[in-house]
Amino acid sequence: MLTESEVKDVARTMRLLIIEDDRDAADYLVKAFREAGHVADHAADGEEGLALASHEPYDVLVVDRLLPKLDGLSVIGALRAKGVSTPALILSALGAVDDRVKGLRAGGDDYLPKPYSFSELLARIEVLARRHGGREETIYRVADLELDRLSHRVTRGAEEIVLQPREFRLLEYLMKHAGQVVTRTMLLENVWDYHFDPQTNVIDVHISRLRSKIDKGFAHPLLHTVRGAGYVIRDGAR
Amino acid sequence: MTALGKLLRTTAFRLTLVYLSIFALFAAALLAYFALNTRRMINDQIVRTLDSEIADLTRQFEIGGLRGLMIAVETRAGHPGSNLYLVTTRTGDGLVGNVGSLEPGVIERTGWMETAYRRIDEPEIAEHQALVRVLGLSGGFRLLVGRDLEERERLFSIVAIAGRWSVAIVIVLGIVGGIFVSRRVLRRIDAMSDKAQTIMTGDLTGRLPIAGSGDELDRLSANLNAMLERIETLMRGLKQVSDNVAHDLRTPLTRLRNRCEAALRSARDEGDYREAIETTIEESDTLIRVFDALLMIARAESGEPRGGMETFDAAEIARDLGELYEPVAEEKGFVLHVKAADTAPVKGNRELIGQALANLLDNAIKYAGTAAVDAEGDRAVPDIAVTAETKADRVILSVADRGPGIPAADRGRAIERFIRLEKSRSLPGSGLGLSLASAVAQLHGGELRLEDNEPGLRAVLILPRADGLQKAT
């Protein structure tokens, strides 16, 4: 049950380390994270980043790939070798197709090509910070909406909702990250397992279909659109 | 570097020198062998003659005693140009013969030796070389028979002189020939490097000269020319791309800038600013998308992402994407069908193939909006069909629509970057979808074909089929 305290837990202050050599980009990130209610430290090169990440308890590391002294993938590799499992998101300006694969293979937990939108970065970091908690439940609940991952049953109140398999996975992902904003690319990656950027609004249409099944006819809508960012499922009453 | 210096440093000239030295050495050795052999042959001849003379004279001595010997020697020595003869007493005093003087001690020893001598009738100063044999006779007398060596030395020197001249001529001719050959080669190489210089300074249309003899230099030139041809094509493509990029990015960038300026100038409240900034972000996202697509095409065309090759099921991609696009197609009034084989294994980059197929679907949904009208005036069923099938060693992914299609004449152009056919110019899009799909197909050793769906467009990705499918993920 995703209780109020857990929703707060999601929104709790995160301690982040940004390892990025571009001073302007780093300053922008530190400021933007502060405005989002988080604390962010900055390391300007790979060695400094490795030292800080080894000794300080961060929630998530944001690592640029190309860094002076020690490149981003090596920093993550060195941390993993030391047994530091802080989730790491790799930022890369390289953008090659197999770049993401390389990044994840090196021990990164997520990958975002530059240029990125801050809302996308923030959404991914919040998901990473929570995933680190390692909570995998069999039943997800948001208000009166309930999803049973074992029996594949979805109910709202007393009513059973029939979903297509993909709609079920879509709702499952949204509810797993209830209270957190998930972006369209996150949905495409995690529900469909594709990593490209569709030009048409394919995801939006899937969402509106899902919405018509879970929210239509109920007083409080649960599935909300966050403008310029993505979607969030939460108890709208709060 | 002087012209001569340059010539002397050529590979051709150096090779000539090496060959020349080896050849001259062999020639000299051969001639030396010949000369020495000649000399030995003459020696043998002399020895044989003298041996027979000595045998004769010894017989005379045995028959006629000292007297008989002396008469025989007397007779023989008298002939002009005769061999050398000398008979002496035990003390070395000459009894008879034509030898005036000898090197001291010669007469005391017996056997073969070479010595300087003078004939009895010659002036004191004349000295010659001779090969002599001294024989001890009974009673202490000594008999010397010899032959002048002048003939031998003359022959030897003739051969030696001829030999030296031959070697000298070989060397001179060799060097002259070497210079000639090197200059010929050098001239062609110079012509090639001059041309290369002009090409390097920017004239990519230049080509290296070909003499037409089909030799190794011609082959080299031909290959370098083929390389230049390829480079020129690539450069032209690149120029075309950068022109198009400049155009296609400049337009939205200008729009972006104008909007910001307009907001600065006329926005009255925060809401106006917010709206302007939001549109600006949207437009910059479009720009980024165009940029990403360009980058992906460039990477696919350069064959870069070979690293991410795996065997995957193209039929699954068709089903996945069909399912992904079905709601949006339905919203636009299409019926989307997927007809996929059980498996269609392809070795390659799943993301890229997925992206390519998604682009074809995007296109179909975007452009098939106005369903074609057939002969009877009925509107054709506005459906979109996605298929995945295997045919022999090929995997065929296709997206077919019932839209206006692309006229046969325009299909080739439609695949080119940034080409947006006249009718579609008003619709949004980067104009890169088909060229990306085509680049991806080519990267996988396949191709993108645009066909007439009668009516409509059938875009077909033809890919090589992989052997097996390891069920991963």
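Procedures and definitions
- Residues numbered from 1 in each chain as written.
- Chains lettered and ligands numbered in written order.
- Predicted model: local features only at pLDDT ≥ 70, side-chain atom pairs only at ≥ 80, totals over all residues.
- Helix = DSSP H or I, 4+ residues; strand = E, 2+ residues; numbered from the N terminus.
- Expected span 1.5 Å × (residues − 1).
- Contact = placed C-beta atoms within 7 Å.
- Axes fitted to C-alpha atoms, helices over the stretch in contact; angles between N-to-C directions.
- Parallel < 35°, antiparallel > 145°, perpendicular 65-115°, else oblique.
- Left-handed = near helix turned anticlockwise from the far one by under 90°.
- Nonpolar A, V, L, I, M, F, W, Y, C, P; charged D, E, K, R; others polar.
- Pairing = 2+ DSSP bridges.
- Core = buried A, V, L, I, M, F, W, Y, C linked by C-beta atoms within 7 Å.
- Buried ≥ 20, exposed ≤ 12 C-beta atoms within 10 Å, placed from the backbone.
- Right-handed = clockwise from strand over helix to strand, strands pointing away.

Residues and elements named next belong to chain A. Look at helix 2 (residues 23–35): 18 Å from first C-alpha to last across 13 residues, which is about the 18 Å you get at 1.5 Å a residue. In this structure, the buried residues of helix 2 make contact with strand 1 (15–19), strand 2 (39–43) and strand 3 (60–64). Of the residues trailing helix 2, Gly 37 is marked for its positive phi of about 95°.

Here we come to the packing of helix 7 (residues 350–367) of chain B against helix 9 (residues 433–443) of chain B. All names here are of chain B. With their axes 9 Å apart at the nearest point, helix 7 and helix 9 run at an angle of 150° to one another. Between helix 7 and helix 9, the crossing angle belongs to the class labelled roughly antiparallel. With respect to the hand of their crossing, helix 7 and helix 9 are arranged in left-handed fashion. Two secondary-structure elements touch here, helix 7 through Leu 352, Ile 353, Gln 355, Ala 356, Asn 359, Leu 360, Asp 362 and Asn 363 and helix 9 through Gly 433, Leu 434, Leu 436, Ala 437, Val 440 and Ala 441. Its residues assigned to classes, the contact of helix 7 with helix 9 shows 9 nonpolar, 4 polar and 1 charged.

What follows covers the sheet that holds strand 12 (residues 230–233) of chain A. Residue and element names in this part refer to chain A. Taken in spatial order, the 3 strands of this open sheet run 10-12-11, and their pairing is antiparallel. Edge positions in the open sheet fall to strand 10 (182–183) and strand 11 (223–226), since each of these has one partner strand only. Pairing of strand 10 with strand 12 involves 2 bridges; the strand directions are antiparallel. Residue Val 182 lies in a different strand from strand 12, and its bridge partner there is Tyr 231. In this fold helix 7 (residues 165–176) packs onto strand 10, strand 11 and strand 12, with an angle of close to 75° to the strand it touches most, strand 12.

Turning next to the nonpolar core. Residue and element names in this part refer to chain B. Within the largest apolar cluster, 114 residues are counted, with the highest numbers of intra-cluster contacts made by Ala 314 and Leu 357. For this core, the element with the most residues is helix 7, which contributes 10 residues. With near-sequence residues (within four places) excluded, Ala 314 lies in contact with Ala 344, Val 346, Ile 353, Ala 388, Val 395, Leu 397 and Leu 463. Core analysis: the next-biggest nonpolar cluster, separate from the first, contains 22 residues, Ala 72, Val 87, Val 132 and Val 145 among them.

The next thing to look at is the pairing of strand 7 (residues 145–148) of chain A. All names here are of chain A. Burial of strand 7 is one-sided: the residues Leu 145 and Leu 147 facing one way are buried, the residues Glu 146 and Asp 148 facing the other way are not. Judged from the 4 bridges that link them, strand 6 (residues 139–142) and strand 7 form a sheet pairing that is antiparallel. The partner of Val 142 across the bridge, within strand 7, is Leu 145. Linking strand 6 back to strand 7 in an antiparallel pair, the connection comprises 2 residues, with Ala 143 at a positive phi of about 50°.

All names here are of chain A. Most of strand 4 (residues 88–92) is tucked away, with 5 of its 5 residues classed as buried. The side-chain alternation of strand 4 yields two buried faces, one formed by Ala 88, Ile 90 and Ser 92 and the other by Leu 89 and Leu 91. The sheet contact formed by strand 3 and strand 4 spans 4 bridges and is parallel. Along strand 4, the bridge assignment pairs Leu 61 with Ala 88. For the handedness criterion, the β-α-β arrangement of strand 3, helix 4 (residues 72–81) and strand 4 is classed as right-handed. Judged from the 4 bridges that link them, strand 4 and strand 5 (residues 110–113) form a sheet pairing that is parallel. Residue pairing in the sheet places Leu 91 in a bridge with Leu 112 of strand 5.

A separate point is the sheet that holds strand 8 (residues 153–156) of chain A. Residue and element names in this part refer to chain A. In spatial order, the strands read 6-7-8-9; together these 4 strands make up an open sheet with antiparallel pairing. This sheet does not close on itself; its edge strands, each paired only once, are strand 6 and strand 9 (159–161). Strand after strand, the sheet turns through a mean of 20° between neighbouring axes, direction not considered.

This part takes up the environment of Glu 122 of chain B. Its place among the elements puts Glu 122 of chain B in the loop between strand 4 (111–119) and strand 5 (128–136). Along the primary structure Glu 122 of chain B and Val 99 of chain B are separated by 23 residues, whereas in three dimensions their C-alpha atoms are 9.5 Å apart.

All names here are of chain A. At His 152, a residue that is not glycine, the phi angle is positive and equals roughly 60°. Considering the arrangement of structural elements, one finds His 152 in the loop between strand 7 and strand 8. His 152 gets classed as exposed once you count the C-beta atoms within 10 Å, which come to 11. Backbone geometry places Asp 193, a non-glycine residue, at a positive phi of 65°. As for its placement among the helices and strands, Asp 193 is situated in the loop between helix 8 (184–192) and helix 9 (202–214).

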